[in-house]
Amino acid sequence: MFKPFQTAAVLGAGVMGAQIAAHLANAGLTVHLLDLPAPSGDKNALVEGAFKKALKLSPPIFFTEKTAQRVILGNYEEHFDRLAQVDWVIEAVVENLSIKQQLMARVEKTIREATVVSTNTSGLSIAAIGQGRSLAFRQRFLGTHFFNPPRYLKLLELIPTVDTDPKILEQMQQFGRMYLGKGVVIAQDTPNFIANRIGIFVTMLGLNGLTKQGYSIEEIDTLMGVLVGRPKSAIFRTADLVGLDTLIYVAENLYPALPQDECRETFHIPDLMRKLVETGSLGAKAGQGFYKKVQGEILSLNPQTFVYESAKPLNLGNLDAITKLPLAERLQKLYHHKGRAGEFFRYATLTTLAYSANRIPEIAASPVEIDRAMRWGFGWELGPFELWDVLGFEAVLTDLHKAGFALPPWVESMQQKKVTGFYQKHQVYLPEQHYHPLEILRDEIHLETIKAISQSTLWHNAEAALLDIGDGVVLYEFRSKANTLSTQVIDGLGEALDWLETHDYRGMVIGNEGSNFCVGINLAEVGKIVQMENLNPFNHSHRAIAKLLTQFQTLVQRIHYFHKPIVAAIQGRVLGGGCELAMACPHVVADAETYIGLVELGVGLIPAGGGLMRLARWAAGRAATDTPADILPFLKRVFETIGMAKVSSSAYEGIELGFLPATTQVVINGDRRLYAAKQEVLCLDHLGYIPPSRNPIPVLGQPARAMLEHMAYILHQGGYISDYDRALADRLAYVLTGGNLTAPAQVDDDYLLTLERENFLPLVDAPKTKERMLHMLKTKKPLRN
């Protein structure tokens with residue numbers, strides 16, 4: 001195990017340099033961000049301006065506002081000597097070989113002997129950038145290609161040269177995975193490395209479909225987007241986001257650099273692209289590219305007239321039945337589709353698969369590097385070789401032969417050896433014509449692997465399961481749609497606790513491997529319950545909803561005070577009831593990319609699963625004393641956070657907002673989350689677990705309630721919230737301050753839980769709440785009516 005870096009310097013404060021510096025700061029490093037000195041006045045003016053611009057980026061590049069304090073700004077003239085004190089120097093200046101070489105000469109004269117140096121070039125030769133430097137320097141030099149935005153895109157391509165010390169490469173692999181949260185692939189020192197080489201090629205295939213095959217922009221984006229397991233932005237929205245001028249620059253660099261590439265002509269820039277750039281239609285940054293938003297409508301470019309028009313109906317046949325299938329079935333159905341949709345998908349798929357196969361070992365040593373690069377860098381659910389396996393190795397190979405594609409000998413030999421796929425039993429087929437085991441990382445737990453073990457499922461229903469993850473630890477897994485809190489999930493969690501109570505196990509992890517831990521209560525299910533109750537003319541009390549709410553409150557309290565450790569392993573969106581479930585767990589392991597909040601006001605409700613009770617306790621706990629004057633500022637913050645349905649931008653901000661305990665273990669690499677949660681259970685058990693104490697909660701009574709209501713009044717008068725928002729805010733204030741108490745008092749959990757229920761249930765049947773719930777179900781967006 002190598003000692004992790006503690007300090008770094010990033011040279012170049014442009015879009016990528018500033019964001020790389022931010023992510024290193026997110027990882028806990030002290031970072032020096034340097035750029036050219038300003039020609040006059042304050043020599044830090046350029047770097048300060050660039051950094052201020054980066055701070056305004058959305059989504060945010062820092063985990064919290066305080067994290068930005070770890071970045072120290074400077075310029076090359078006054079502060080270059082700081083490089084002598086850092087562990088790692090990253091060059092991220094303009095893509096000009098001569099400039100990079102000159103900068104490296106200066107870096108070599110300044111740094112310590114042990115400092116690692118890397119370049120973030122996206123296309124220049126790594127060896128050429130290090131040319132002229134000493135062997136000792138080149139042994140500590142390599143390419144580190146981050147993807148934009150570095151905080152959010154998982155891929156990190158490491159590109160060693162022939163001189164790079166293998167130990168340095170191993171150190172960078174470990175640091176990238178453990179401390180930066182990256183999926184690391186090793187790329188060859190070839191133009192655009194792995195992901196951009198394949199990604200730009202696929203983009204050009206989409207352009208060919210538009211300019212040469214008669215498909216519309218919307219049709220191409222449909223056939224190369226979510227339908228086939230790729231991002232919604234697909235080809236043309238992605239091109240607009242990247243910038244059409246940037247795409248042209250990359251493609252123009254690739255074309256002359258690939259004289260031996262059998263598909264070199266594919267990288268030829270269509271006249272359409274050049275004309276768009278010449279007229280200033282550069283994409284999102286110019287307000288128009290292939291798409292243009294006009295008065296809320298997304299228009300697309302007519303490539304013949306260069307006029308932006310409303311989207312025309314897709315001429316792809318009926319794809320509705322395909323879209324609802326699991327991805328593997330979707331891909332198979334589309335591949336065999338008889339119409340225009342199938343024709344283009346087969347063309348794009350076969351061309352991509354043949355191109356990818358021919359890039360090994362040119363750009364990567366094996367299929368797994370290419371597959372991971374496309375998944376982690378471009379958001380594909382399946383890489384090219386994984387897709388090939390899903391469609392059927394033999395069938396695709398036959399189609400490739402029929403279409404006249406030339407394939408490398410190692411792929412042709414697979415048929416002769418009767419190999420049925422690139423992946424088999426956690427092995428990958430290599431160009432050396434044999435299977436090789438994929439690395440099994442000991443600090444990761446993957447539920448697919450757990451489920452493959454006989455008798456690992458201890459209990460299950462249709463939407464949840466209890467799994468044995470080893471060493472006396474069980475895991476409760478959500479399997480509901482979008483990981484919502486359905487009745488089966490809630491019932492199942494109660495049964496899981498019953499099971500844990502009667503079996504000799506150490507504790508439980510609550511977690512799953514979805515993109516989101518839990519987006520809250522199943523609104524559609526709640527709506528049906530309300531509808532059924534409304535059909536009964538004698539029912540005016542919403543007994544079924546009241547029963548479900550009481551059941552959930554009882555459940556979260558049982559979790560909080562359970563006699564064995566229960567750890568929530570959370571990631572992605574953790575909203576509403578999902579947030580309350582996480583808050584109930586005394587111990588949490590969170591992916592750094594956790595977006596947690598109580599958003600009930602967006603659907604016309606208030607939190608009622610213990611969230612208000614726990615935040616009232618949190619506000620009192622943050623105060624220096626139990627006096628109202630000390631507690632009130634924190635209670636105001638809670639009131640504003642819930643009232644505005646604020647969601648944290650990271651796990652660290654979730655801690656600051658009170659949604660997560662201060663003891664939360666945050667992992668920057670989400671793949672390690674379930675393992676870390678299991679270790680937390682074992683550690684708590686070994687120490688002799690004691691559940692939280694049932695301490696009383698100080699509440700502030702009517703004087704504080706009046707202050708909170710006045711805050712809502714000011715916002716209402718200013719037009720920031722609606723009449724109904726204000727009515728909901730008054731209910732929040734009522735619960736948080738203890739109801740009708742005329743003075744500060746100490747209350748127990750049940751007192752506040754009762755207030756939550758009493759103020760939640762009348763809202764269920766309110767017309768404006770119904771409008772909000774229906775709007776959320778239809779649009780996935782909140783309505784402020």
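In case you missed it, the structure is sitting above this.
**Student:** If you had to explain empty space enclosed by the protein to someone new, which residues and values would you point to?
**Tutor:** If a probe as big as a water molecule is rolled over the atoms, it shows which places are left empty. Summed over all chains, the structure comprises 4 cavities of 30 Å³ or more. The computed volume of the largest cavity comes to approximately 110 Å³. Lining the largest cavity, in full, are Leu-601, Phe-639, Glu-640, Gly-643, Met-644, Met-711, Ala-712, Leu-715, Ile-721, Asp-725 and Ala-729. Contributing elements (two or more residues each) for the lining of the largest cavity: helix H26 (628–643), helix H29 (701–717) and helix H30 (723–736).

**Student:** Just give me the short version of helix H32 (residues 767–779), but keep the residues and values in it.
**Tutor:** Helix length check: H32 (13 residues) gives 18 Å between terminal C-alpha atoms against 18 Å at 1.5 Å per residue, within 8%. Along H32, the positions that sit buried rather than exposed are Thr-769, Arg-772 and Met-773. Down the axis of H32, the buried set is contained in an arc of 95°. They therefore lie on one face. Facing away from the buried side of H32 by more than 90 degrees, the exposed set consists of Pro-767 and Lys-778. With its phi angle positive at about 65°, Lys-780 sits one or two positions after the end of H32.

**Student:** Describe unusual backbone geometry, with residues and values.
**Tutor:** Ser-58 connects to Pro-59 through a cis peptide bond whose omega is 0°. By the secondary structure assignment, Pro-59 is in the loop between helix H2 (45–55) and strand S3 (71–75). Residues Asn-148 and Pro-149 are joined by a peptide bond in cis, for which omega reads 0°. Residue position: Pro-149 is located in the loop between strand S6 (141–146) and strand S7 (155–160). Positive phi, normally seen in glycine, also occurs at Gln-295, with a value near 50°. The topology assignment puts Gln-295 in the loop between strand S9 (291–294) and strand S10 (297–301). Phi angles above zero are rare outside glycine, and Gln-433 is one such case at about 70°. Overall, the relative accessible area of 33% leaves Gln-433 in the partly exposed class.

**Student:** Can you tell me about a nonpolar patch on the surface, naming the residues and giving the values?
**Tutor:** Taken together, the side chains of Met-644, Leu-715 and Tyr-720 make up a nonpolar region of the molecular surface, amounting to roughly 320 Å² of accessible area. Examined against the element boundaries, Tyr-720 turns out to sit in the loop between H29 and H30. With relative accessibility at 65%, the residue Tyr-720 sits in the exposed group.

**Student:** Just give me the short version of the sheet that holds strand S20 (residues 665–667), but keep the residues and values in it.
**Tutor:** Ordered by their spatial adjacency, 7 strands build an open sheet running S14-S15-S16-S17-S18-S19-S20, and the pairing between neighbours is mixed. The strands lining the two open edges of the sheet, one partner per strand, are strand S14 (457–461) and S20. If you compare each strand with its neighbour and ignore which way they point, the axes differ by 20° on average. Examined bridge by bridge, strand S17 (residues 507–511) and strand S18 (residues 566–575) share 4 bridges and lie parallel to one another. Each residue of the ladder has a partner; that of Gly-511, found in S18, is Ala-569.

Conventions and cut-offs
Residues numbered from 1 in each chain as written. Predicted model: local features only at pLDDT ≥ 70, side-chain atom pairs only at ≥ 80, totals over all residues. Heavy atoms only, no water. 1 Å grid on protein atoms, 1.4 Å probe; cavity = no way out; pocket = protein on both sides within 12 Å on 5 of 7 lines; lining within 4 Å. Points joined across faces, edges and corners; volume = space filled by probe spheres on them. Helix = DSSP H or I, 4+ residues; strand = E, 2+ residues; numbered from the N terminus. Expected span 1.5 Å × (residues − 1). Buried < 20%, exposed > 50% of the residue type's maximum accessible area, 1.4 Å probe, protein only. Arc of directions from axis to C-beta. Patch = residues over 30% accessible without salt bridge, like charges linked within 9 Å, V, L, I, M, F, W, Y side chains within 5 Å. Areas by Shrake-Rupley, 256 points an atom, 1.4 Å probe, with all protein chains shown as cover. Salt bridge = Lys/Arg side-chain N within 4 Å of Asp/Glu carboxyl O. Pairing = 2+ DSSP bridges. Axes fitted to C-alpha atoms, helices over the stretch in contact; angles between N-to-C directions.

On their own, these measurements won't tell you what the molecule is for.
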